[in-house]
Amino acid sequence: MSEQTQERAGILITDLKEIATMAGPPEGPLHGGALGDLEIVQDAAIAIGGGEILAVGPTQDLRERFRASTVVDATGMVATPGLVDPHTHMVYAGSREDEFEERVKGATYLQIASSGGGILSTVRETRKASMNRIVRQSLPRLQRALRHGTTTMEIKSGYGLDADSEEKMLAAIDYLRRLQPIDLVSTFMGAHWLPEEFTNNREGYIRDVIRKQIPRARSMAEFCDVFCEEGVFSPDETREILAAAKDSGMKLKIHADEFKDTGGAALAGSLKAASADHLGAIGPEGIKALRGKGTIAVLLPGTSFYIGLGRYAPARALIEAGVPVALGSDGNPGSCVTDSMQVILSLACLRLRMTPHEALASATRNAAWAIDRGKEAGILEEGRPADVVVWAAPSCKAIPHQFGTNLVHQVYKKGVLVHEEGA
Ligand SMILES: [Zn+2]
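Note that this is a predicted model, so its numbers are computed, not measured. (Residues numbered from 1 in each chain as written. Predicted model: local features only at pLDDT ≥ 70, side-chain atom pairs only at ≥ 80, totals over all residues.)

When you look at the overall build of the protein chain in this model, what are you seeing that I'm missing?
Within the protein chain one finds 16 helices and 16 strands. Over its C-alpha trace the protein chain gives a radius of gyration of 21 Å, about what one expects of a compact globule, namely 22 Å for 423 residues. (Helix = DSSP H or I, 4+ residues; strand = E, 2+ residues; numbered from the N terminus. Rg over C-alpha atoms; globule rule 2.2 N^0.38 Å.)

Below, the structure written as structure tokens:
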């Protein structure tokens, strides 16, 4: 093809050893055997223009087809879609490393809570802080996540626990959209914990969430999430709160069956929630209830690892049952302090017994569906936003193989190079 007949591209990334595109029918999240059976293009290139993927294919074909303003030689590297983190609590004030030290020395959760630590200490700090201070403290977490390959992220409120403070958290998430390139998806989580002032008045707090918080949050949050767990919110309370959220136009998520099987996953299935998250204690009934409902099982192995539970979600049973599985960081100030989805990929392989390809699909295509971004994020194919990670790794399988090291070489968000190793 002569130069005149070539198509124009902004960027051509060439000579990649392989690209895991995550593409392929049918539309929707991958499940069962398809989760690990990825479309891999060898000796591959990606053409980008106008913020979108123009083509993915063999380097030789794309070199002939496109004339690019910038050619990026990625010899020996691999590419995947930008990682999607569908479950985080990244926006908060304060830091709990003192409590971490106490825990390492053997303090129990109750001892930490009774000395003023735990989630309620983050609630106190977040209530005290201005929106600007929350933004200032949260921005570096998002910047680190980007450098580790995350290009789309869900963030929950839930450290305010009153209408004003929850609104302030959602406003902080909104403001962070303007300060950095990761696409952010907001979730309202007033029912994250019972605040101190309602200790003896559970019913009063549920009324506060339904009558005061949800009406204020509805225009700022796309999803509503509830911590359905023994000692936190019961399935009946969860159902009541989520019914109000649904009436307000929010989509639904549940922190379900993390420590005890209280029927949270079954509830998520019956409500056709977008996702049921954690699932460390899900039983056979819960797994059955999630089949064929469109509800995604978002697994968070970082939390099980970090709090030393010794028990992990039954990923293999969920995959074998045909439930679509996604991975999230659960990045938060107490029970999983990380910004890196790469660590989660390794833990998914080592502790959930997922294959490297299953883990990658769960942290891209399936994670995008868990936050209703399946049509935009998580797949590299023509016409989609060019959210691409180039990895300094010899194969896609090598990404989770290495533990605790950042293998990201470049990150592109909507076709713009937003991070480069060493730059
Ligand atoms: Zn969570």
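Additional details are given in the paragraphs that follow.
Where do I start with unusual backbone geometry in this structure?
With an omega of -5 degrees, the peptide bond running from Pro25 to Pro26 counts as cis. Inspection of the secondary structure assignment puts Pro26 in the loop between β1 (7–20) and β2 (40–49). Of note in this structure, Asp330 is not a glycine but carries a positive phi near 60 degrees. By secondary structure assignment, the location of Asp330 is in the loop between β13 (325–327) and α13 (341–352).

How should I be thinking about the domain arrangement of the protein chain in this particular structure?
One widely used convention gives an interface's size as the accessible area the parts lose upon coming together. The domain architecture assigned to the protein chain consists of domain 1 (3–81 + 379–420) and domain 2 (84–370). Just the C-alpha atoms count here: the centres of domain 1 and domain 2 sit 30 Å apart. Contacts between domain 1 and domain 2 engage 29 residues on the former and 31 residues on the latter. Listed by contribution, the elements that provide at least two residues to the side of domain 1 that touches domain 2 are β5 (78–81), α16 (398–401), β15 (408–413) and β16 (416–420). Of the residues assigned to the side of domain 1 that touches domain 2, the class counts are 17 nonpolar, 9 polar and 3 charged. (Domains from an automatic or database assignment. Contact = placed C-beta atoms within 7 Å. Nonpolar A, V, L, I, M, F, W, Y, C, P; charged D, E, K, R; others polar.)

I would appreciate a short explanation of the sheet that holds strand β9 (residues 223–228) in the present structure.
By way of backbone hydrogen bonds, the strands of a sheet pair with one another, either parallel or antiparallel. The parallel open sheet is built from 8 strands, whose spatial order is β6-β7-β8-β9-β10-β11-β12-β13. Two strands in the sheet have a free side with no partner beyond their single neighbour: β6 (83–85) and β13. Sheet twist, expressed as the average angle between the axes of neighbouring strands with direction ignored, equals 25 degrees. Bridge analysis of β9 against strand β10 (residues 251–256) gives 6 bridges, and the strand direction is parallel. (Pairing = 2+ DSSP bridges. Axes fitted to C-alpha atoms, helices over the stretch in contact; angles between N-to-C directions.)

Help me out: how do you make sense of the confidence of the model for the protein chain in this one?
Caution is warranted with low-pLDDT regions, since their predicted coordinates should not be read in detail. With 99% of its residues at a pLDDT of at least 70, the protein chain reaches an overall mean of 96. Highest mean pLDDT in the protein chain belongs to β6 (99); lowest belongs to helix α3 (residues 109–114) (78). (pLDDT = per-residue confidence, 0-100.)

Quick question: what am I supposed to make of helix α6 (residues 163–179) here?
Given 3.6 residues per helical turn, the α-helix brings residues three or four places apart onto the same face. In this model, α6 (17 residues) spans 25 Å end to end at C-alpha, consistent with the 24 Å of a helix rising 1.5 Å per residue. For α6, every residue scored as buried is listed here: Ser165, Glu166, Glu167, Lys168, Met169, Leu170, Ala172, Ile173 and Leu176. Of the surrounding elements, those touching the buried residues of α6 are α4 (119–128), α5 (131–147), β7 (150–156), β8 (183–191) and α7 (202–217). (Expected span 1.5 Å × (residues − 1). Buried ≥ 20, exposed ≤ 12 C-beta atoms within 10 Å, placed from the backbone.)

Help me understand the pairing of strand β11 (residues 275–278) in this model?
For a regular strand, the rule is simple: side chains alternate between the two faces of the sheet. The sheet contact formed by β10 and β11 spans 4 bridges and is parallel. Its bridge partner lying in β11, His255 is registered against Asp277. Handedness of the β10-helix α9 (residues 264–270)-β11 crossover: right-handed. Inspection of the sheet shows β11 paired to strand β12 (residues 296–299) by 3 bridges, in the parallel sense. Bridging from a neighbouring strand, Asp277 pairs with Val298 of β12. Once you follow β11 into helix α10 (residues 284–290) and on to β12, the crossover reads as right-handed. (Right-handed = clockwise from strand over helix to strand, strands pointing away.)

What is the right way to look at the pairing of β1 in this model?
A large share of β1 lies buried, amounting to 10 of its 14 residues. Direction of pairing for β1 relative to strand β4 (residues 66–73): parallel, over a ladder of 7 bridges. By the bridge assignment for β4, Leu12 is matched with Val71. Across 7 bridges, β1 lies against β2 in antiparallel orientation. Directly across from Ala20, in β2, lies its bridge partner Ile40.

Would you mind going over the packing of α7 against helix α8 (residues 235–247) with me for this structure?
Across the interface, α7 lies against α8 with an axial gap of 10 Å and an inter-helix angle of 10 degrees. Regarding the angle of α7 to α8, the classification is roughly parallel. Here Ile206, Val209, Ile210 and Ile214 of α7 lie close against α8, whose contacting residues are Glu237, Glu240, Ile241, Ala244 and Ala245. Of the residues assigned to the contact of α7 with α8, the class counts are 7 nonpolar, no polar and 2 charged. (Parallel < 35°, antiparallel > 145°, perpendicular 65-115°, else oblique.)

It is not clear to me how the packing of α5 against α6 should be interpreted in this structure. Could you clarify?
To characterise two packed helices, one gives the angle between the axes of the helices and the distance between these axes. Direction vectors running N to C along α5 and α6 enclose 50 degrees, while the axes themselves pass 9 Å from each other. Taken together, α5 and α6 sit at an angle that is classed as oblique. The interaxial crossing formed by α5 with α6 has right-handed handedness. Where α5 abuts α6, its residues Met131, Ile134, Val135, Ser138, Leu139 and Leu142 lie against Lys168, Met169, Ala171, Ala172, Tyr175, Leu176 and Leu179. (Left-handed = near helix turned anticlockwise from the far one by under 90°.)

I'm lost on the environment of Arg136 in this one. Help?
Mapped onto the fold, Arg136 is located in helix α5. The sequence separation of Arg136 and Val91 amounts to 45 residues, and the corresponding C-alpha distance is 9.8 Å.

Honestly, the environment of Leu30 in this entry has me stumped. Any pointers?
As for its position among the elements, Leu30 is in the loop between β1 and β2. Residue classification places Leu30 among the buried positions, given that 24 C-beta atoms sit within 10 Å. Along the backbone, Leu30 and Gly322 are 292 residues apart, and their C-alpha atoms lie at a distance of 9.0 Å. Not counting chain neighbours up to four residues away, the residues in contact with Leu30 comprise Leu35, Pro324, Ala361, Arg365 and Asn366.

In this structure, what is going on with the environment of Met189? I would like to understand it.
Checked against the element boundaries, Met189 lands in strand β8. When the 29 C-beta atoms within 10 Å are taken as the criterion, Met189 is described as buried. Residues contacting Met189, with those up to four places away along its chain left out, are Lys156, Ser157, Gly158 and Asp225.

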